[in-house]
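# Structure assessment
Residue-level listing of the chains:
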Amino acid sequence: MHGLILAGGEGSRLSAEGIATPKPLLEIGGEPLVARLLHTLAELGCETLTCMVRADFDAVFQALAARHFARPLRIEPCVTPSSLHTLVAGFAAIGPGPVFCTMVDSVMPARDWREVYAASERALAGGADAVLAVTPFVDDESPLYVRRDDAGLVLDLSDYPIVPPCVTGGVYAFGEPARRLAREAVDHGVERTRGFLKDLVARGRRVATVTVSRIIDVDHVADLRLANAWLGSPGARG
């Protein structure tokens, strides 16, 4: 699989709380989010790495240029109007094949990244069009809730709570059909990634899931503190 990181957002909520550092350079466990993820994707086995970076984040481009990663890295500047546009631009920059994709602020311990990646490979090889990493830990301000069947396939995606809770965590895998459908969704006016995912399910596409206990989405200073405390705990290592 190819590895794709989406870092095209403004980080406006962190900025409003006094954080001037671009979100991709915020440190978790002593390492910038974006560098941490690039190393993780390389270690997982992604054959190429692509990072979509907001065009005016000069410090991010400079920081990445000064680092070496164990896979070919393509850094693409983007000025896109929505998360789905950034995703589609990322797909366009990548060669054919399945894509393992994460938002730059999705935080998990190494063991969970390994589990999600391995499960995604199995699901795509087994005929799934897409895979969602999901969690019962509701951390997002506007979570996308997931209803599944007994096999873990998505039946419905909703902005409204379900019981027991299960939400997406900003980590996905997409096969070639889903990549094409993302482009079609943009052409039809869909703007948000959640809208594209809902469309996949509505079309009857096979969307699989892999569950982890927690995924932290770093949108606020409190999230940053929580992620650092969590990844520094003995249970999160390895």
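Summarised in this report is the structure supplied together with it. (Residues numbered from 1 in each chain as written. Predicted model: local features only at pLDDT ≥ 70, side-chain atom pairs only at ≥ 80, totals over all residues. Heavy atoms only, no water.)

## What to know about the pattern of salt bridges
Per the stated rule, a full pass over the model turns up 14 salt bridges. The partner of Glu 115 in a salt bridge is Arg 122, with the nearest N and O atoms 3.9 Å apart. In this structure, the salt-bridge partner of Asp 187 is Arg 183, at a minimum N-O distance of 3.0 Å. Of this pair, Asp 187 and Arg 183 both sit in helix 6 (residues 176–187), 4 residues apart, which is roughly one turn of the helix. In this structure Asp 187 comes out as exposed when scored by relative accessible area, which is 56%. The network of salt bridges with common partners includes Arg 13, Lys 23, Asp 105, Glu 141 and Asp 219. (Salt bridge = Lys/Arg side-chain N within 4 Å of Asp/Glu carboxyl O. Helix = DSSP H or I, 4+ residues; strand = E, 2+ residues; numbered from the N terminus. Buried < 20%, exposed > 50% of the residue type's maximum accessible area, 1.4 Å probe, protein only.)

## Details of the pairing of strand 10 (residues 154–158)
When strand 9 (residues 145–148) meets strand 10, the two strands line up antiparallel, connected through 4 bridges. For Val 146, the partnering residue across the bridge sits in strand 10 and is Leu 157. (Pairing = 2+ DSSP bridges.)

## Looking at the nonpolar core
Of all hydrophobic cores here, the largest spans 50 residues; its most connected members are Leu 64, Phe 100, Val 107 and Val 116. Looking at this core element by element, the count peaks at 8 residues for helix 2 (residues 33–44). With 31 residues, the next largest nonpolar core counts Val 186, Leu 200, Val 201 and Val 207 among its residues. (Core = buried A, V, L, I, M, F, W, Y, C linked by side-chain atoms within 4.5 Å.)

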